[in-house]
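Here is how the chains run, residue by residue.
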Amino acid sequence: MNQISMSYYYKLRITQGIFFLSILLSSISFLNTKFGIKEFYPFFYWKLYTQPLGNNYLYEDYRLYGVTIKNDTVRIKNKGYANFNQDDYYYFLTGEGQKIMKNEINLNYHKKRLKDFGEFLAPNYSEYILVKESFNPITIVKNPSNYTKEIILSTK
Amino acid sequence: MRISNLFIKEDENEKFIIDYSYADVLLRIFSIFWIGYIIFVFHENLNRPASLFEPIIWLQKLFISSIPSLYLFYSIIIISLFLCIYTIFNKKIVYRGILFLLLLWLNTLKWNYNFFSHVGHLFLLAHFFTIFIPSKNINSLNSKNDIRLFSNSIRWAYAGVLITYTMAGFWKFLSLFHKLIYQSKLINWMSEDAVELNAIVSSRIWDESVSISMLKIYEIPFIWQAATLFIFCIQLIAVLGAFNKKLSYIVLAGLLIFHLYNILFINTFFYVSSIVLLILLLPYHLVNRKRLT
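From a predicted model like this one, the values you see are computed outputs, not experimental measurements. (Residues numbered from 1 in each chain as written. Chains lettered and ligands numbered in written order. Predicted model: local features only at pLDDT ≥ 70, side-chain atom pairs only at ≥ 80, totals over all residues. Heavy atoms only, no water.)

Colleague: Can you explain the side chain of Thr130(B)? Please cite residues and give values.
Modeller: By the secondary structure assignment, Thr130(B) is in the loop between helix 6 (121-129) and helix 7 (144-182). Setting aside anything within four residues of it in sequence, one finds Thr130(B) in contact with Tyr20(B), Arg28(B), Arg96(B) and Ala157(B). (Helix = DSSP H or I, 4+ residues; strand = E, 2+ residues; numbered from the N terminus. Contact = heavy atoms within 4.5 Å.)

Shown next, in the form of structure tokens:
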């Protein structure tokens, strides 16, 4: 083989090499996640949506509520806000909610974050609460307000 | 490697090289728009309360432990934009490698708010795997052997990108079989209600609801199970599309249908992945048939 062909040969071998390396790194990502370590970015292992959402007829998600001075509680919907679209809202509160549920937290840190988040999206409430809402997908279709609420964190 | 040879057709070698010569340029032009989107994301981050910013993965912890300064951010933006255009003309490994690293850094900016999405991965992997593809065009290749080696580089680079879908398919089948065998009474992706439940929950997450007409369509028996099974199969075989042109069109069409359904009905917006798939897999050689004869 001449020099140019040699270079093509080595470049092909390297590309094949990084193909198998990426599979290895994806496997490490998977094992890392199993042991509670974060993924080996950007070599994710793509275990996504392996079950349909709501597959046990129960789904839990989180919402922000505001409390007025008169003590009325108002649900601050996930309708999309400036600088926080619906995905941002959903994932931010899910992250906070799950950390609090697992107790891996500094409570004051999360209270401050919840307060900052609340005041940014919907100012003028005296208190903000993080609520876990649970619902059955089949019944929520017939009645959108058919869900149970559990308070996870209050800024007070 | 022998298995891959089953799907490699030597007469497609030149098609791979011609198609890639377009895909390479388009990927870099698309990257300019992608960087524009990252500028928007960066300013969104600046507007948010600073206490909400929290790095998640190692790269962020090492290199972006807080929101970067305007000076640093725009320096990287300018270098990246320059490299997007420069690497169209100068395909040296070092420039493409640096561009990949900068894009990697830029992509982590959006994901410091309790969630690191995989939305940008396919785009980054497309940059990563094409770093070592030779820089020549088809006219400067003078032997059959060079053409074969060059086209195989393209095939393996595409395999690196498309194997992500194969992995996704693998987990879906594995979980499906696991559920069918060990928890056969529970809902799985082959259950009648699966797609409907998934759609209802996806809407409710955004405080929206599934339209009545769509709910009726979800009630039609069998088609949703068949569609799900079809998409799972397309995902599983996706990597083979990297080796064979005809298969690549089936994989492209299947994956686009999958992403389009998710964009329209599940609020899962893999726009970037869809565009990257189109850029990599469209048959540009059809526009320029003369060069093949």
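Colleague: Help me get a handle on the interface of chain A and chain B, residues and values and all.
Modeller: In this complex, chain A contributes 67 residues to the contact, which on the side of chain B involves 68 residues. Buried surface at the junction of chain A and chain B, both sides included, amounts to about 6600 Å², of which 66% is carbon and sulfur. Per-residue buried area on chain A facing chain B is highest for Tyr8(A), Tyr41(A) and Trp46(A); these three make up 15% of the total on that side. Linking chain A with chain B are eight salt bridges, by the criterion used here. We note a salt bridge from Arg48(B) to Asp88(A), for which the minimum N-O separation is 2.8 Å. Taken together, chain A and chain B are joined by 30 residue pairs in polar contact (both at pLDDT 80 or more). Contributions of two or more residues to the side of chain A that touches chain B are made by helix 1 (3-34), strand 1 (59-67), helix 2 (86-101), helix 3 (107-121), strand 3 (127-135) and helix 4 (137-142) of chain A. The dominant element in the side of chain A that touches chain B, judged by the number of residues it contributes, is helix 1 of chain A, at 16 residues. Residue composition of the side of chain A that touches chain B, by class: 38 nonpolar, 13 polar and 16 charged. (Buried area = accessible area lost by both parts, 1.4 Å probe. Salt bridge = Lys/Arg side-chain N within 4 Å of Asp/Glu carboxyl O. Polar contact = N/O pair within 3.5 Å; in protein donor to acceptor, adjacent residues only side chain to side chain. Nonpolar A, V, L, I, M, F, W, Y, C, P; charged D, E, K, R; others polar.)

Colleague: So what about empty space enclosed by the protein? Which residues, and what values?
Modeller: For the structure shown, the criterion picks out two cavities of 30 Å³ or more. Here the largest cavity is characterised by a volume of approximately 100 Å³. By residue class, the composition of the lining of the largest cavity is five nonpolar, one polar and four charged. One number sums up the size of the second largest cavity: a volume of about 40 Å³. Around the second largest cavity, the lining residues are Ser22(A), Ser26(A), Pro42(A), Phe43(A), Phe44(A), Trp46(A), Leu125(B), Phe129(B), Gly160(B), Ile163(B), Thr164(B) and Met167(B). Breaking the lining of the second largest cavity down by element, the ones donating at least two residues are helix 1 of chain A together with helix 6 and helix 7 of chain B. No other element matches the four residues that helix 7 of chain B contributes to the lining of the second largest cavity. (1 Å grid on protein atoms, 1.4 Å probe; cavity = no way out; pocket = protein on both sides within 12 Å on 5 of 7 lines; lining within 4 Å. Points joined across faces, edges and corners; volume = space filled by probe spheres on them.)

Colleague: Can you explain the pairing of strand 2 (residues 73-76) of chain A? Please cite residues and give values.
Modeller: Residues and elements named next belong to chain A. With four bridges connecting them, strand 1 and strand 2 associate as antiparallel partners. Across the sheet, Gly66 pairs through a bridge with Val74, a residue of strand 2. Counted between consecutive antiparallel strands, the loop separating strand 1 from strand 2 contains five residues, among which Asn71 sits at a positive phi close to 70 degrees. (Pairing = 2+ DSSP bridges.)

Colleague: Residue-level account of helix 2 of chain A, with values.
Modeller: Residues and elements named next belong to chain A. Taking 1.5 Å per residue as the helical rise, helix 2 with its 16 residues ought to reach 22 Å, and the 22 Å between its terminal C-alpha atoms agrees with that figure. Burial within helix 2 is extensive, with twelve of its 16 residues counted as buried. Within the sequence span of helix 2, burial applies to Gln86, Asp88, Tyr89, Tyr90, Phe92, Leu93, Thr94, Gly95, Glu96, Gly97, Lys99 and Ile100. Sitting at the head of helix 2, Asn85 places a side-chain oxygen 3.0 Å from the backbone nitrogen of Asp87. Immediately beyond the C-terminal end of helix 2, within one or two residues, lies Asn103, with a positive phi of roughly 65 degrees. (Expected span 1.5 Å × (residues − 1). Buried < 20%, exposed > 50% of the residue type's maximum accessible area, 1.4 Å probe, protein only.)

Colleague: So what's going on with the packing of helix 4 (residues 70-89) of chain B against helix 5 (residues 93-108) of chain B? Residues and values would help.
Modeller: All names here are of chain B. The N-to-C vectors of helix 4 and helix 5 enclose an angle of 140 degrees; their axes lie 9 Å apart at closest approach. Classified by the angle their axes make, helix 4 and helix 5 are oblique. The chirality of how helix 4 crosses helix 5 is left-handed. Counting all contacts with helix 4, which are made through Leu72, Phe73, Ile76, Ile77, Ile79, Ser80, Leu83, Cys84, Tyr86 and Thr87, the residues of helix 5 involved are Tyr95, Arg96, Ile98, Leu99, Leu102, Trp105 and Leu106. Residue classes in the contact of helix 4 with helix 5 are distributed as 14 nonpolar, two polar and one charged. (Axes fitted to C-alpha atoms, helices over the stretch in contact; angles between N-to-C directions. Parallel < 35°, antiparallel > 145°, perpendicular 65-115°, else oblique. Left-handed = near helix turned anticlockwise from the far one by under 90°.)

Colleague: Please set out helix 6 of chain B residue by residue, giving values where relevant.
Modeller: Counting buried positions over the nine residues of helix 6 of chain B gives nine, a clear majority of the element. Residues of helix 6 of chain B that are buried in the fold lie against helix 1 of chain A together with helix 2 (13-47), helix 5, helix 7 and helix 12 (271-281) of chain B.

The quantities given are spatial measurements derived from coordinates; they are silent on function.
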